[in-house]
Amino acid sequence: MNTLVCRTVTVASFALSMGAAQGQGTVALTGQVSSVEEGAMEGVVVSARRDGSTISISVVTDAQGRFAFPAARLEPGHYSLKARAAGYELDGARTADVAAGGVAGADIKLRKVKNLSAHLTNAEWMSSMPGTDEQKRFLLNCNGCHTLERIMKSAYDADGFMQIFQRMASYYPGSTPLKPQRLAGKATRDVERGGSGRKTAEWLASVNLSQQQTWAYPLKTEPRLTGKSTRVIITEYDLPNPLIQPHDVVLDREGNAWYSDFGQMFLGKMDPKTGKVTQYPIPVVKPGWSEGTLDLEIDRDDNPWVGVMYQSAIAKFDRKTEKFRMWSTPKEWDTDAGQLGHIAIEGTPSDNKVWIKNSDAGHIYRLDLVSDRMENLGAFKDPRTGKRIGTYGIHSDAQNNAYLLDFAAGNIVRIDAKTGNATVYPTPTPDSRPRRGRVDREGRLWFAEYQGNAIGMFDPKTERITEWKVPTPWSAPYDAVAGKNGEAWTGSMLTDRVSCLDIKSGQYTEYMLPRPTNIRRVYLDDSKSPGTLWIGSNHGASIVKVEPLD
């Protein structure tokens, strides 16, 4: 049965009125989504991709199940359509023909999925499986490389999981099932994060398929997002190679989207107008060690800088010469586990110094760009506990004071640029594991609390930290950024959602993405209101733009 019907005349008046209501202008493609079980369905993400294109456009259905694609976003042509709604899948035809100056119609029918497990997000697996929050938090160390579905569908017993823990500790953090990379030398990673490996292994063996053919617990899905969450346009740009992992995505002043590749030695640039991608190979300075980059920053001259991870180096790309300048850890400091993944350059113009974090032993470096020498400030400690600050993100303000985000506990550390003295501020939520963030125009530090499930903000004037909990369970925010229009954003490696906080009201609006999206860095273009969010799909080899309509 053909369940997608194309119309070009009868829907014209509806399309125009809907476009006006949504502030989208002229509409090129419109329709309604329904199912036998629910009838009209709100909150369904509908995606359209023209044949031969690398760019997909997505909109979300309103309370009546209706959707509309702006004519400015769809060129004439033959389009494949997809829909995302938890627990449902398309039933029937999935194409539409868009003609210049016309309005095409497409009524889409959905049906209940037969295999719900294949459609769960990481967060939905977390909510479904039995166990305490403490037990489940262990899995927050796993979703960076692969989905939790792989674990839940496995048949490993406790002994098998113990062997897996040992093997996973020897892999580079940018490894994926498509491209695993072993660490070199004697380097290993603490995948257990200080927990009890045996107890965790026994628990995992009780919730996977090691003891039965199906799960002994019901599989749960999050409700579809409704209301303001449906007022959005999402654009996804596919990158040319499935191995590309766009960890950080940042715009330059010309509007180009630059990305760091977490698993390969490339710096990438994508033209949002055409989707064209240019890749610049980064020199390998430590042969035999894992390859990939993490933190990406753009300086005031519009030149990108990247942290080159286990190559134990950072790099600056000169856009005029298209050449890289590399700075490596001095040999007398370097180790097998040396890892320069994070840098801070926001305050560099004030004193010509770049902050660098070495993940091995938590050492904090400062690179003097005048002398080209690195200074090692050592590893900082929490004066209350004596434990080493487990720095993940490092950020700087306009005066080049540095902030360390203590991913091993729940601290924000401020280092005075002139004296080198550090002050430790605990987050209101204990062991919140702050991960990454950004300093705003007012000098306030915004950051994500990975285990605290919140966006945090430190105000240096009051020396107080404020938190806003993200509404979806197990969102585990990775990064946070605030803009000039009164909004703060974060993304998730688990929910396939991005979250926008109205700072004044404290209310969140979440937006569902068209497909599974492992999100790390979030970048906000706040040149217009509302702002536009840019993210990388770290396991999906794509760049995603999220544009709220109000």
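Predicted model, so just to flag it, every value in this text is computed and none were measured. (Residues numbered from 1 in each chain as written. Predicted model: local features only at pLDDT ≥ 70, side-chain atom pairs only at ≥ 80, totals over all residues. Heavy atoms only, no water.)

**Concerning the pairing of strand S28 (residues 434-439)**
Most of S28 is tucked away, with 5 of its 6 residues classed as buried. The pairing of S28 with strand S29 (residues 445-449) spans 4 bridges and is antiparallel. Bridge pairing in S29 places Pro434 opposite Glu449. (Buried < 20%, exposed > 50% of the residue type's maximum accessible area, 1.4 Å probe, protein only. Helix = DSSP H or I, 4+ residues; strand = E, 2+ residues; numbered from the N terminus. Pairing = 2+ DSSP bridges.)

**A look at the nonpolar core**
Counting residues in hydrophobic clusters, the biggest one holds 42 residues, and the most contacted among them are Trp125, Met129, Leu139, Ile151, Met152, Phe161 and Leu204. Only helix H2 (122-128), helix H4 (149-152), helix H5 (158-168) and helix H6 (197-207) provide two or more residues apiece to this core. A total of 5 residues in this core trace back to one element, the largest contributor, which is H6. Setting aside its immediate chain neighbours within four residues, Met129 contacts Lys136, Leu139, Met152, Trp203, Val207 and Tyr217. (Core = buried A, V, L, I, M, F, W, Y, C linked by side-chain atoms within 4.5 Å. Contact = heavy atoms within 4.5 Å.)

**What to know about H6**
Within the span of H6, buried status applies to Gly197, Thr200, Ala201, Trp203, Leu204, Ala205 and Val207. Contacts made by the buried residues of H6 are with helix H3 (133-137), H4 and H5.

**A closer look at the packing of aromatic side chains**
A full pass over the atoms with the stated rule returns 21 aromatic pairs. With centroids separated by 5.9 Å and ring planes inclined at 20°, the aromatic side chains of Trp258 and Tyr280 adopt a geometry described as stacked. Linking Trp258 in strand S13 (residues 257-261) with Tyr280 in strand S15 (residues 277-281), this pair joins segments that are 22 residues apart in sequence. Relative accessible area serves as the criterion here: at 10%, Tyr280 is assigned to the buried category. Over the face of the ring belonging to Tyr171 we find Arg182, whose NZ or CZ atom lies 4.7 Å from the ring centre. Lying over the aromatic face of Tyr450, Arg435 brings its terminal NZ or CZ to 4.6 Å of the ring centre. (Phe/Tyr/Trp six-rings, centres within 6.5 Å; stacked < 30°, edge-to-face > 60°. Lys NZ or Arg CZ within 6 Å of the ring centre and 35° of its normal.)

**Let's talk about H5**
Residues of H5 that are buried include every one of Ala158, Gly160, Phe161, Ile164 and Phe165, and no others. Buried residues of H5, viewed axially, fall in a sector of 150°; they line one side. Exposed residues on H5 whose side chains face more than 90 degrees from its buried face are Gln163 and Gln166. For H5, the side-chain oxygen to backbone nitrogen distance between the N-cap and Asp159 is 3.3 Å, and the N-cap itself is Asp157. (Arc of directions from axis to C-beta. Polar contact = N/O pair within 3.5 Å; in protein donor to acceptor, adjacent residues only side chain to side chain.)

**A closer look at the pattern of salt bridges**
Scanning the entire structure with this criterion turns up 32 salt bridges. When the shortest N-O distance is used, the salt bridge between Arg224 and Glu38 registers 2.9 Å. Taken together, the residues Arg224 in the loop between H6 and strand S11 (232-238) and Glu38 in the loop between strand S1 (27-35) and strand S2 (39-40) connect sequence positions 186 residues apart. Note on Arg224: relative accessible area 22%, which makes it partly exposed. Among the ionic pairs, Arg436 bridges to Asp295, the shortest N-O distance being 3.0 Å. (Salt bridge = Lys/Arg side-chain N within 4 Å of Asp/Glu carboxyl O.)

**Observations regarding the packing of H5 against H6**
Interhelical geometry of H5 versus H6 gives an angle of 125° and a closest axis separation of 8 Å. Taken together, the axes of H5 and H6 are oblique relative to one another. The element H5 and its partner H6 pack so that their crossing is right-handed. Mapping the contact onto sequence places Ala158, Asp159, Phe161, Met162 and Phe165 in H5 and Gly197, Arg198, Thr200, Ala201, Glu202, Leu204 and Ala205 in H6. Of the residues that constitute the contact of H5 with H6, the class distribution is 7 nonpolar, 2 polar and 3 charged. (Axes fitted to C-alpha atoms, helices over the stretch in contact; angles between N-to-C directions. Parallel < 35°, antiparallel > 145°, perpendicular 65-115°, else oblique. Left-handed = near helix turned anticlockwise from the far one by under 90°. Nonpolar A, V, L, I, M, F, W, Y, C, P; charged D, E, K, R; others polar.)

**Section: the sheet that holds strand S26 (residues 411-415)**
Strand pairing in a sheet is mediated by backbone hydrogen bonds. Such pairs are either parallel or antiparallel. Across the sheet, 4 strands lie side by side as S24-S25-S26-S27; this open sheet has antiparallel pairing. The sheet is open, and its two borders are formed by strand S24 (391-396) and strand S27 (422-426), each paired with just one other strand. Geometrically, the sheet is characterised by an average inter-axis angle of 20° between neighbouring strands, direction not taken into account. As paired elements, S26 and S27 share 5 bridges and run antiparallel to each other. What sits directly across from Ile415, in S27, is Ala422.

**A look at the side chain of Arg521**
By the element assignment, Arg521 lies in the loop between strand S35 (507-512) and strand S36 (522-525). Within the local environment of Arg521, its side chain forms a polar contact with the side chain of Asp248, the two groups lying 3.0 Å apart.

**Quick word on the pairing of S13**
The element S13 is largely enclosed, with a buried count of 5 among its 5 residues. Neither face of S13 is open: one carries Ala257, Tyr259 and Asp261, the other Trp258 and Ser260, and all of them are buried. Two elements, strand S12 (residues 246-251) and S13, share 4 bridges in a ladder whose sense is antiparallel. When the bridges of S13 are listed, Val250 appears paired with Trp258. Hairpin remark: S12 followed by S13, antiparallel, with 5 residues in the connecting loop; positive phi at Gly255, about 95°. Alignment of S13 against strand S14 (residues 266-270), held across 4 bridges, turns out to be antiparallel. What sits directly across from Trp258, in S14, is Lys269. The loop that links S13 with its antiparallel partner S14 comprises 4 residues.

In short, geometric facts, not functional conclusions.
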